[in-house]
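A structural walkthrough
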Amino acid sequence: MTVTGDTSDGVLSEGGRGEPLVVLKDVQKHFGDLHALKDIDLTVKRGEVVVVIGPSGSGKSTLCRTINRLETIDSGLISLDGKELPQEGKTLAALRAEVGMVFQSFNLFAHKTILENVTLGPIKVRGMKKSEAEAKARELLERVGVAHQADKYPAQLSGGQQQRVAIARALAMEPKVMLFDEPTSALDPEMIKEVLDVMVDLAQQGMTMIVVTHEMGFARTAADRVVFMADGAIVEENTPEEFFTNPSSDRAKDFLGKILKH
(Lines give C-alpha, C1' and ligand atoms only; values in the text may rest on other atoms or scores of the structure.)
Protein backbone atom coordinates (compact mmCIF):
# COMPACT_ATOMS: atom_id res chain seq x y z
CA MET A 1 0.00 0.00 0.00
CA THR A 2 1.27 3.46 -0.83
CA VAL A 3 0.58 6.01 1.86
CA THR A 4 1.97 9.46 1.40
CA GLY A 5 2.07 12.21 3.93
CA ASP A 6 3.32 12.32 7.49
CA THR A 7 1.57 9.69 9.57
CA SER A 8 4.30 9.45 12.18
CA ASP A 9 3.37 9.03 15.81
CA GLY A 10 4.16 12.69 16.35
CA VAL A 11 1.09 13.66 14.36
CA LEU A 12 -1.22 10.98 15.65
CA SER A 13 -0.35 11.07 19.31
CA GLU A 14 -0.83 14.79 19.90
CA GLY A 15 -3.05 15.61 22.83
CA GLY A 16 -2.39 12.38 24.74
CA ARG A 17 -4.13 10.04 22.34
CA GLY A 18 -4.62 6.51 23.56
CA GLU A 19 -3.68 3.10 22.34
CA PRO A 20 -4.75 1.72 18.95
CA LEU A 21 -8.48 1.00 19.14
CA VAL A 22 -9.49 0.01 15.59
CA VAL A 23 -6.89 -1.77 13.48
CA LEU A 24 -7.27 -2.94 9.87
CA LYS A 25 -4.38 -4.93 8.37
CA ASP A 26 -4.16 -5.89 4.70
CA VAL A 27 -7.96 -5.93 4.32
CA GLN A 28 -9.28 -7.12 0.94
CA LYS A 29 -12.88 -7.07 -0.22
CA HIS A 30 -14.42 -7.99 -3.58
CA PHE A 31 -17.94 -7.61 -4.90
CA GLY A 32 -17.75 -10.04 -7.79
CA ASP A 33 -15.11 -8.64 -10.15
CA LEU A 34 -14.93 -5.32 -8.33
CA HIS A 35 -11.97 -5.07 -5.95
CA ALA A 36 -13.75 -2.79 -3.47
CA LEU A 37 -11.05 -2.63 -0.79
CA LYS A 38 -7.39 -3.07 -1.70
CA ASP A 39 -4.66 -3.69 0.87
CA ILE A 40 -6.27 -1.50 3.52
CA ASP A 41 -3.99 -0.73 6.48
CA LEU A 42 -5.46 1.70 8.97
CA THR A 43 -5.03 2.25 12.69
CA VAL A 44 -7.35 4.54 14.64
CA LYS A 45 -6.30 5.43 18.15
CA ARG A 46 -8.57 5.91 21.13
CA GLY A 47 -9.99 9.43 21.10
CA GLU A 48 -8.98 10.09 17.50
CA VAL A 49 -11.34 11.50 14.87
CA VAL A 50 -10.58 10.13 11.42
CA VAL A 51 -12.50 11.50 8.44
CA VAL A 52 -12.56 9.37 5.29
CA ILE A 53 -13.09 11.26 2.04
CA GLY A 54 -12.80 10.50 -1.64
CA PRO A 55 -14.79 10.27 -4.88
CA SER A 56 -17.97 8.20 -5.15
CA GLY A 57 -17.26 4.50 -5.46
CA SER A 58 -13.85 4.76 -3.79
CA GLY A 59 -14.72 2.24 -1.06
CA LYS A 60 -15.36 4.67 1.82
CA SER A 61 -18.73 3.24 2.91
CA THR A 62 -17.56 -0.33 2.39
CA LEU A 63 -14.59 0.37 4.66
CA CYS A 64 -16.90 1.79 7.30
CA ARG A 65 -19.26 -1.20 7.09
CA THR A 66 -16.49 -3.79 7.44
CA ILE A 67 -15.51 -2.40 10.84
CA ASN A 68 -18.61 -3.90 12.44
CA ARG A 69 -18.92 -6.77 9.95
CA LEU A 70 -21.98 -5.40 8.14
CA GLU A 71 -19.76 -6.32 5.20
CA THR A 72 -17.55 -9.39 5.43
CA ILE A 73 -13.97 -9.23 4.20
CA ASP A 74 -12.20 -11.68 1.91
CA SER A 75 -8.91 -11.56 3.77
CA GLY A 76 -6.93 -9.50 6.22
CA LEU A 77 -7.59 -8.67 9.84
CA ILE A 78 -9.82 -6.20 11.65
CA SER A 79 -9.56 -5.83 15.41
CA LEU A 80 -11.36 -3.69 17.97
CA ASP A 81 -9.62 -2.90 21.23
CA GLY A 82 -7.19 -5.77 20.71
CA LYS A 83 -9.81 -8.38 19.79
CA GLU A 84 -10.18 -9.67 16.26
CA LEU A 85 -13.70 -9.33 14.84
CA PRO A 86 -15.28 -12.78 14.81
CA GLN A 87 -17.15 -14.00 11.73
CA GLU A 88 -20.54 -14.55 13.35
CA GLY A 89 -22.43 -15.62 16.46
CA LYS A 90 -22.75 -14.20 19.96
CA THR A 91 -19.17 -12.99 20.14
CA LEU A 92 -19.74 -10.89 17.02
CA ALA A 93 -22.97 -9.47 18.49
CA ALA A 94 -21.10 -8.57 21.70
CA LEU A 95 -18.27 -6.88 19.82
CA ARG A 96 -20.69 -5.13 17.49
CA ALA A 97 -22.37 -3.60 20.54
CA GLU A 98 -19.09 -1.75 21.15
CA VAL A 99 -19.37 -0.02 17.76
CA GLY A 100 -21.99 2.70 17.27
CA MET A 101 -23.13 3.19 13.70
CA VAL A 102 -24.98 6.12 12.14
CA PHE A 103 -26.13 5.68 8.54
CA GLN A 104 -27.30 7.97 5.73
CA SER A 105 -30.86 6.81 6.34
CA PHE A 106 -31.78 7.12 9.99
CA ASN A 107 -32.99 3.51 10.39
CA LEU A 108 -35.24 4.36 13.34
CA PHE A 109 -38.10 2.01 14.22
CA ALA A 110 -41.14 3.83 12.83
CA HIS A 111 -43.63 2.19 15.23
CA LYS A 112 -41.67 3.08 18.36
CA THR A 113 -41.40 6.47 20.04
CA ILE A 114 -38.13 8.36 20.07
CA LEU A 115 -37.57 7.35 23.70
CA GLU A 116 -38.27 3.67 22.88
CA ASN A 117 -35.86 3.82 19.94
CA VAL A 118 -33.06 4.97 22.21
CA THR A 119 -33.78 2.60 25.12
CA LEU A 120 -34.28 -0.57 23.06
CA GLY A 121 -30.58 -1.49 22.72
CA PRO A 122 -29.55 -0.85 26.33
CA ILE A 123 -32.52 -2.88 27.62
CA LYS A 124 -32.32 -5.79 25.14
CA VAL A 125 -28.57 -6.04 24.60
CA ARG A 126 -27.03 -4.54 27.74
CA GLY A 127 -29.74 -5.82 30.11
CA MET A 128 -30.30 -2.37 31.61
CA LYS A 129 -33.36 -1.72 33.77
CA LYS A 130 -36.07 0.19 31.92
CA SER A 131 -36.05 3.12 34.37
CA GLU A 132 -32.27 3.43 34.13
CA ALA A 133 -32.32 3.17 30.31
CA GLU A 134 -35.02 5.85 30.09
CA ALA A 135 -33.16 8.25 32.37
CA LYS A 136 -30.01 7.80 30.30
CA ALA A 137 -31.95 8.15 27.03
CA ARG A 138 -33.51 11.44 28.14
CA GLU A 139 -30.04 12.70 29.06
CA LEU A 140 -28.71 11.79 25.60
CA LEU A 141 -31.72 13.28 23.82
CA GLU A 142 -31.07 16.48 25.78
CA ARG A 143 -27.44 16.36 24.70
CA VAL A 144 -28.38 16.18 21.00
CA GLY A 145 -31.11 18.80 21.41
CA VAL A 146 -34.29 16.75 20.91
CA ALA A 147 -35.35 15.98 24.51
CA HIS A 148 -38.72 17.64 23.91
CA GLN A 149 -39.48 15.12 21.14
CA ALA A 150 -39.10 12.00 23.32
CA ASP A 151 -42.73 10.88 23.09
CA LYS A 152 -43.15 11.49 19.36
CA TYR A 153 -42.66 8.99 16.55
CA PRO A 154 -39.87 9.31 13.95
CA ALA A 155 -42.24 10.43 11.17
CA GLN A 156 -43.19 13.46 13.28
CA LEU A 157 -39.59 14.73 13.31
CA SER A 158 -37.53 16.48 10.67
CA GLY A 159 -34.66 14.62 9.01
CA GLY A 160 -32.10 16.51 11.07
CA GLN A 161 -33.92 15.66 14.29
CA GLN A 162 -34.19 11.99 13.29
CA GLN A 163 -30.46 11.82 12.58
CA ARG A 164 -29.71 13.36 15.98
CA VAL A 165 -31.94 10.70 17.56
CA ALA A 166 -29.96 8.06 15.64
CA ILE A 167 -26.76 9.47 17.15
CA ALA A 168 -28.30 9.37 20.65
CA ARG A 169 -29.43 5.79 20.04
CA ALA A 170 -25.88 4.76 19.09
CA LEU A 171 -24.42 6.58 22.11
CA ALA A 172 -26.88 4.85 24.45
CA MET A 173 -24.92 1.62 23.95
CA GLU A 174 -21.78 3.33 25.29
CA PRO A 175 -19.73 2.32 22.24
CA LYS A 176 -15.95 2.44 22.14
CA VAL A 177 -16.03 3.89 18.64
CA MET A 178 -18.66 5.67 16.52
CA LEU A 179 -18.90 5.07 12.77
CA PHE A 180 -20.68 7.65 10.64
CA ASP A 181 -21.47 6.68 7.05
CA GLU A 182 -22.32 9.92 5.21
CA PRO A 183 -24.66 10.98 8.04
CA THR A 184 -25.74 14.24 6.39
CA SER A 185 -26.10 13.20 2.74
CA ALA A 186 -29.87 12.58 2.99
CA LEU A 187 -30.55 15.89 4.76
CA ASP A 188 -31.74 19.25 3.51
CA PRO A 189 -28.97 21.89 3.68
CA GLU A 190 -30.43 23.72 6.67
CA MET A 191 -30.48 20.49 8.69
CA ILE A 192 -26.87 19.52 7.98
CA LYS A 193 -25.36 22.02 10.42
CA GLU A 194 -27.45 20.82 13.38
CA VAL A 195 -26.18 17.26 12.89
CA LEU A 196 -22.57 18.34 12.30
CA ASP A 197 -22.70 20.49 15.45
CA VAL A 198 -23.59 17.39 17.50
CA MET A 199 -20.74 15.47 15.86
CA VAL A 200 -18.23 18.26 16.53
CA ASP A 201 -19.36 18.29 20.16
CA LEU A 202 -18.81 14.51 20.37
CA ALA A 203 -15.35 14.87 18.85
CA GLN A 204 -14.43 17.57 21.36
CA GLN A 205 -15.51 15.28 24.20
CA GLY A 206 -13.04 12.62 23.12
CA MET A 207 -15.23 10.09 21.31
CA THR A 208 -13.29 7.91 18.88
CA MET A 209 -14.92 8.54 15.51
CA ILE A 210 -14.54 7.30 11.94
CA VAL A 211 -16.55 9.54 9.66
CA VAL A 212 -17.25 9.05 5.96
CA THR A 213 -18.46 12.40 4.68
CA HIS A 214 -18.55 14.93 1.85
CA GLU A 215 -18.57 17.78 4.37
CA MET A 216 -15.11 19.26 3.95
CA GLY A 217 -15.75 21.93 6.60
CA PHE A 218 -16.27 19.18 9.18
CA ALA A 219 -13.12 17.40 7.97
CA ARG A 220 -11.11 20.62 8.37
CA THR A 221 -12.39 21.54 11.82
CA ALA A 222 -13.08 18.26 13.63
CA ALA A 223 -10.69 15.68 12.17
CA ASP A 224 -7.36 14.74 13.68
CA ARG A 225 -6.56 12.95 10.44
CA VAL A 226 -7.98 12.85 6.94
CA VAL A 227 -7.83 9.56 5.02
CA PHE A 228 -8.24 9.97 1.27
CA MET A 229 -9.48 6.94 -0.70
CA ALA A 230 -9.72 6.30 -4.44
CA ASP A 231 -10.45 3.08 -6.34
CA GLY A 232 -10.68 1.00 -3.16
CA ALA A 233 -7.31 2.03 -1.77
CA ILE A 234 -6.01 4.52 0.78
CA VAL A 235 -4.05 6.97 -1.37
CA GLU A 236 -2.88 9.32 1.36
CA GLU A 237 -3.54 10.27 4.97
CA ASN A 238 -2.53 13.38 6.82
CA THR A 239 -3.58 16.12 9.20
CA PRO A 240 -6.44 18.26 7.77
CA GLU A 241 -4.19 21.30 7.55
CA GLU A 242 -1.55 19.47 5.54
CA PHE A 243 -4.03 17.53 3.39
CA PHE A 244 -6.14 20.51 2.35
CA THR A 245 -3.26 22.92 1.80
CA ASN A 246 -0.61 20.56 0.49
CA PRO A 247 -1.99 17.24 -0.82
CA SER A 248 0.86 15.02 -1.96
CA SER A 249 -0.87 12.76 -4.51
CA ASP A 250 -2.15 13.83 -7.92
CA ARG A 251 -5.39 12.01 -7.21
CA ALA A 252 -6.06 14.07 -4.08
CA LYS A 253 -5.07 17.31 -5.84
CA ASP A 254 -7.53 16.52 -8.63
CA PHE A 255 -10.31 15.67 -6.16
CA LEU A 256 -9.79 18.81 -4.08
CA GLY A 257 -9.51 20.95 -7.21
CA LYS A 258 -12.98 19.80 -8.27
CA ILE A 259 -14.77 20.10 -4.93
CA LEU A 260 -13.20 23.22 -3.49
CA LYS A 261 -14.06 25.36 -6.50
CA HIS A 262 -17.79 25.08 -5.78
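Per an unreviewed UniProt entry, the recorded name for the protein is ABC-type polar-amino-acid transporter, and the organism is Nocardioides seonyuensis. Checking UniProt for the protein, the heading Sequence similarities (unreviewed entry) contains the comment "Belongs to the ABC transporter superfamily."

Details of the pattern of salt bridges
Taken as a whole and assessed by the stated rule, the structure comprises 12 salt bridges. Lys193 serves as the salt-bridge partner of Asp197, at 2.8 Å between the closest nitrogen and oxygen. With Asp197 and Lys193 both in helix H7 (residues 189-204) and 4 residues apart, this pair spans about one turn of that helix. Assessed through its relative accessible area of 40%, Asp197 is described here as partly exposed. We classify Lys193 as exposed; its relative accessible area is 56%.

Describing the UniProt feature "domain: ABC transporter" (unreviewed entry) in the protein
Here, the residues flagged by UniProt with the feature "domain: ABC transporter" (unreviewed entry) are residues 22-256. For residues 22-256, the helix share is 38%, the strand share is 26%, and the end-to-end C-alpha distance is 27 Å.

Comments concerning the side chain of Gln149
Note on placement: Gln149 falls in the loop between helix H5 (130-143) and helix H6 (159-171). Judged by its relative accessible area of 6%, Gln149 is buried. Apart from residues no more than four positions distant in its own chain, Gln149 is found in contact with Ile114, Leu157 and Gln161.

Here we look at the sheet that holds strand S5 (residues 83-84)
Taking strand neighbours across the sheet as the criterion, the 4 strands line up as S2-S1-S4-S5 in an open arrangement whose pairing is antiparallel. Two strands lie at the open edges of the sheet, namely strand S2 (34-45) and S5, each paired on one side alone. Here 2 bridges tie strand S4 (residues 75-80) to S5, and the two strands are oriented antiparallel to one another. Note on S5: the bridge partner recorded for Leu80 is Lys83.

What counts and what doesn't
- Residues numbered from 1 in each chain as written.
- Predicted model: local features only at pLDDT ≥ 70, side-chain atom pairs only at ≥ 80, totals over all residues.
- Heavy atoms only, no water.
- UniProt positions renumbered as here; feature names shortened; annotations may be inferred.
- Salt bridge = Lys/Arg side-chain N within 4 Å of Asp/Glu carboxyl O.
- Helix = DSSP H or I, 4+ residues; strand = E, 2+ residues; numbered from the N terminus.
- Buried < 20%, exposed > 50% of the residue type's maximum accessible area, 1.4 Å probe, protein only.
- Contact = heavy atoms within 4.5 Å.
- Pairing = 2+ DSSP bridges.

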